[in-house]
Amino acid sequence: MDESKPVPAPVHPGEKRGCPGDVEVEAAMTKRARVEEENDNGAPRAAMSDGEEEEEDGSSESFADMMKHGLIELDVGICKYVSDHKGFSGILKERYSDFVVHEISKEGKIVHLDDLSIPEEVQEAASSAPAEENPTTDSSVLTEEQKKQLEELQLFKNKESFVSIEGDESKDKRTLVHKAIKTQFPGLETKTEEKDGRKFIVAYHAAGKKAQAAPRKHFWPKNRGSFCHFVLYKENKDTMDAINVLSKFLRLRPNMFSYMGTKDKRAITVQEIAVLKITAERLAHLNKCLMNLKLGNFSYKNHPLKLGELQGNHFTVVIRNISGTDAQVHQAMTSLKQTGFINYYGMQRFGTTAVPTQQVGRAILRNDWKQVVDLILKPRPGAEKEFLVRCREEWARTQDPEAALKKLPNKRCVEGQLLRGLCQHGKNNIVTAFGLIPRNNRLMYVHSYQSVVWNTMVSRRIDAFGLTAVEGDLVLRGTKAHILSEEEAKSHSIHDIVMPLPGFDVIYPTHHVGKGYREMLSADGLDIDNMRHKIKDYSLAGAYRRVLIRPSNVSWEVIQYDDPKISLVHTDFEKIEKKPAPVFNKEGKYRALRLEFSLPPSTYATMAIREVLKLDTSIKKQTQLNTTWFN
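Residues numbered from 1 in each chain as written. Predicted model: local features only at pLDDT ≥ 70, side-chain atom pairs only at ≥ 80, totals over all residues. Heavy atoms only, no water.

1. Things to note about the overall build of the chain
Link 1 in the chain: Along the backbone of the chain there are 19 helices and 18 strands.
Link 2 in the chain: Burial status across the chain gives 54% buried among its 631 residues.
Link 3 in the chain: Taking the intrachain contacts of the chain between residues at least 6 apart in sequence as the baseline, contacts between residues at least 24 apart amount to 80%.
Link 4 in the chain: About 27,700 Å² of surface is accessible on the chain, with carbon and sulfur atoms providing 48% of the total. (Helix = DSSP H or I, 4+ residues; strand = E, 2+ residues; numbered from the N terminus. Buried < 20%, exposed > 50% of the residue type's maximum accessible area, 1.4 Å probe, protein only. Contact = heavy atoms within 4.5 Å. Areas by Shrake-Rupley, 256 points an atom, 1.4 Å probe, with all protein chains shown as cover.)

2. Comments concerning the pairing of strand E13 (residues 480-483)
Link 1 in the chain: Examined bridge by bridge, strand E12 (residues 474-477) and E13 share four bridges and lie antiparallel to one another. Note that in E13 the partner of Leu 474 across the bridge is Ile 483.
Link 2 in the chain: Turn length for the E12-E13 hairpin, with the two strands adjacent in sequence and antiparallel, is two residues, and the turn residue Gly 478 shows positive phi of about 75°. (Pairing = 2+ DSSP bridges.)

3. Concerning the sheet that holds strand E15 (residues 543-546)
Link 1 in the chain: Read from one edge to the other, the open sheet built from four strands follows the order E13-E12-E14-E15, with strand pairing classed as antiparallel. Sheet topology places E13 and E15 at the edges, where each strand pairs with a single neighbour. Adjacent strand axes in the sheet meet at a mean angle of 55° when their direction is disregarded.
Link 2 in the chain: Running at roughly 145° to strand E14 (residues 497-501), helix H14 (residues 439-465) makes contact with E14 and E15 of the sheet. (Axes fitted to C-alpha atoms, helices over the stretch in contact; angles between N-to-C directions.)

4. Examining the pairing of E12
Link 1 in the chain: When E12 meets E14, the two strands line up antiparallel, connected through two bridges. Across the sheet, the residue bridging to Val 475 is Ile 497, located in E14.

5. Side note on the side chain of Thr 617
Link 1 in the chain: Tracing the chain through its elements places Thr 617 in the loop between helix H18 (605-613) and helix H19 (619-630).
Link 2 in the chain: With relative accessibility at 9%, the residue Thr 617 sits in the buried group.
Link 3 in the chain: Of the polar contacts made by the side chain of Thr 617, one reaches the side chain of Glu 73; its length is 2.6 Å. (Polar contact = N/O pair within 3.5 Å; in protein donor to acceptor, adjacent residues only side chain to side chain.)

6. Considering helix H16 (residues 512-523)
Link 1 in the chain: The end-to-end C-alpha separation of H16 is 17 Å, in line with the 16 Å expected for 12 residues at 1.5 Å each.
Link 2 in the chain: Turning to H16, its buried residues number three or more, namely Val 513, Gly 514, Gly 516, Tyr 517, Met 520 and Leu 521. Seen along its axis, H16 keeps its buried residues to an arc of 140°; they face one direction. Exposed residues lying more than 90 degrees from the buried face of H16 are His 512, Lys 515, Glu 519 and Ala 523.
Link 3 in the chain: Residues of H16 that are buried in the fold lie against H14 and E14.
Link 4 in the chain: Positive backbone phi, at 75°, marks Gly 525, one or two positions downstream of H16. (Expected span 1.5 Å × (residues − 1). Arc of directions from axis to C-beta.)

7. Remarks on the packing of helix H10 (residues 386-398) against helix H12 (residues 414-425)
Packed helix pairs are characterised by how far apart their axes lie and by the angle those axes make with each other.
Link 1 in the chain: The geometry of H10 relative to H12 is characterised by a closest axis approach of 12 Å and an angle of 35° between their N-to-C directions. In this structure, the crossing between H10 and H12 has a hand that is left-handed. The segment H10 lies against H12, with Leu 388, Cys 391, Arg 392 and Trp 395 engaging Glu 415, Leu 419 and Leu 422.
Link 2 in the chain: Here the residues of the contact of H10 with H12 sort into five nonpolar, no polar and two charged. (Left-handed = near helix turned anticlockwise from the far one by under 90°. Nonpolar A, V, L, I, M, F, W, Y, C, P; charged D, E, K, R; others polar.)

8. Quick notes on the pattern of salt bridges
Link 1 in the chain: Within the structure shown, the criterion is met by 21 salt bridges.
Link 2 in the chain: With its nearest N and O atoms 2.8 Å apart, the salt bridge here joins Arg 610 to Glu 73. Note that Arg 610 is positioned in helix H18 and Glu 73 in the loop between helix H1 (63-66) and strand E1 (91-92), a separation of 537 residues in sequence. The pair Arg 610 / Glu 73 is uniform in exposure class, with both members buried. (Salt bridge = Lys/Arg side-chain N within 4 Å of Asp/Glu carboxyl O.)

9. Remarks on the confidence of the model for the chain
Regions with low pLDDT should not have their predicted coordinates read in detail.
Link 1 in the chain: Across the chain, the average pLDDT comes to 82, with 81% of residues at or above 70.
Link 2 in the chain: Contacts of residues 1-61 to residues separated by more than four positions or lying in other chains number 279 contacts, the stretch itself having pLDDT below 50.
Link 3 in the chain: Contacts for the low-pLDDT stretch residues 122-137, under 50 throughout, to residues beyond four places or in other chains number 27 contacts. (pLDDT = per-residue confidence, 0-100.)

10. So, unusual backbone geometry
Link 1 in the chain: Its identity is not glycine, yet Asn 292 carries a phi of approximately 65°, on the positive side.
Link 2 in the chain: Secondary-structure assignment places Asn 292 in the loop between helix H6 (280-285) and strand E9 (293-301).
Link 3 in the chain: The phi dihedral of Lys 614 falls on the positive side, at around 55°, and the residue is not glycine.
Link 4 in the chain: Take Lys 614: it is sitting in the loop between H18 and H19.
Link 5 in the chain: We classify Lys 614 as partly exposed; its relative accessible area is 23%.

11. Re the packing of helix H9 (residues 369-377) against H12
Link 1 in the chain: At a minimum axis separation of 10 Å, H9 and H12 run at an interaxial angle of 135°. Relative to H12, H9 is oriented oblique. For the pair H9 and H12, the sense of crossing is left-handed. Residue-level contacts link Val 373, Ile 376 and Leu 377 of H9 to Val 414, Glu 415, Leu 418, Leu 419 and Leu 422 of H12.
Link 2 in the chain: Class assignment for the residues of the contact of H9 with H12 results in seven nonpolar, no polar and one charged. (Parallel < 35°, antiparallel > 145°, perpendicular 65-115°, else oblique.)

12. Let's talk about the packing of aromatic side chains
Link 1 in the chain: Enumeration according to the criterion identifies 12 aromatic pairs in this entry.
Link 2 in the chain: Three or more aromatic residues joined by ring pairs make a cluster, and in this case those are Trp 369, Phe 434, Tyr 445 and Tyr 538.
Link 3 in the chain: Over the aromatic face of Trp 454 sits the side chain of Arg 545, whose NZ or CZ is 5.3 Å from the ring centroid.
Link 4 in the chain: The ring of Tyr 81 carries Arg 610 above its face, with NZ or CZ at 3.9 Å from the centroid. (Phe/Tyr/Trp six-rings, centres within 6.5 Å; stacked < 30°, edge-to-face > 60°. Lys NZ or Arg CZ within 6 Å of the ring centre and 35° of its normal.)

13. Here's the deal with the environment of Asp 496
Link 1 in the chain: Residue position: Asp 496 is located in the loop between helix H15 (486-489) and E14.
Link 2 in the chain: For the pair formed by Asp 496 and Leu 476, sequence separation is 20 residues and the distance between their alpha carbons is 7.7 Å.
Link 3 in the chain: Apart from the residues within four sequence positions on either side, Asp 496 is in contact with Leu 474, Val 475, Leu 476 and Arg 546.

The structure is reproduced here in structure tokens:
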């Protein structure tokens, strides 16, 4: 898993559910019961993005102030450990470079960016193209003044929407200019226009709002695979943001790209991407002008990538300012390697802002649409961007969606999408209005509720029976769950046991923990025997998830350093740039634990780290640690 954007939901009165007693239940995520596998970077993406796409707007309170109202692990059912070592403190993700994620391909290979060259087959294919498609690039065809204008256009410094260059009567010479512009200034497109009997080459920014023409059709050899696969290295940017940037520069729709999993923002991540009929040469040119992104390891194949095809992710994590002794670290890491950790849904599953996502999910499942709107739009405690505060206050005062919408400078946030839906469809048609929020975001509310339930029930299971398989537990046989008899339980370990997410197509443990599902859903006004929703999207079939996960490829070292601002990981990009690896001072002022491990999809690295530190991984607690350290 990568981590998601870190601002969890606030605690609301009556919503804290301790462990192991007063806990909350949740339902499954898929249309058909299955062994749960997420389609992202080893962890499902965080719930909602309300307001997070907006620009900063005058919040007077600090991030630490905002976190006073954040969730902690106990609030979402996370409260048990499997190891008996003594925990120690440390700072997780103090810098985004402290969290490095490499995708593991479906062939089981860890994906690296280590080659920026264009493959030979591209060059050979290009030589077979018509002459007008492959002229020799000659920088002398452009004057220094023209180069300056084109560079300003490329970097959005030129307020004009295009640069016009008078062309030669010869088509071959004009082609040279076209090629020179595209080669030397990635992101620019060109076309030829005629005015007063003279021909002009017009260059314009492919990502600009005033792009004047569709990109020209490029020659594509029949013997070349239709999809260009490449490795995307990105820093502090999530996968969809990165793809949107590439789409703008290449003038493509984002759905022309495919990938096996999404990677979240606050990290350095490396993953494979595929794009339809874009040459490696065009992609490689983008390396000259992209920030925090690098493309390489190009190849052509006849197939796109599919979500969920990855085998997992390999993590390199730095935990700074650790307090544990070398002996404590060794004991903790040995336990992680040999026993593993409880496969909890991590904190990022439960929202990235102050929206109480599991409450919204519960309201959806109960068909309480008035409460859905109220939870998303009503004023809430904690610091928020000023425009969101004004929007919520307007809604609370007037219940007028048009008036509240006008308070938002950008309408793409969840609040904006819901208000726009209410404007279009009216307050008496909330279901349709809510449908304007993208489907994945809507389902994330329900998934958040489901995940709290699973976490809580697993905590009860560990509390009741420890790390031993018992009669009434569930194991998978193929994709179906089987209830263990007393005799069968003797031949199984805790690593075989699964627990269900509630739904209409799963079975439950037959011991007393299984009965808790019904009690919890009933307390939330839900019927465990009727998990079909009148709106198909919210009908919950159920899924099964392993109770314990044992990481593979586990290694670790304790390092010491003096400068808290330096990177402690040698990244793929630094290696390509031939930058030296970090040098550590054995007598350094600070100590850090650098660990590596691999996880299958749908598991959270933060939960593995939690088992090592025995420390709350919530943003609220981590912010308090950071504040204490730096102050």
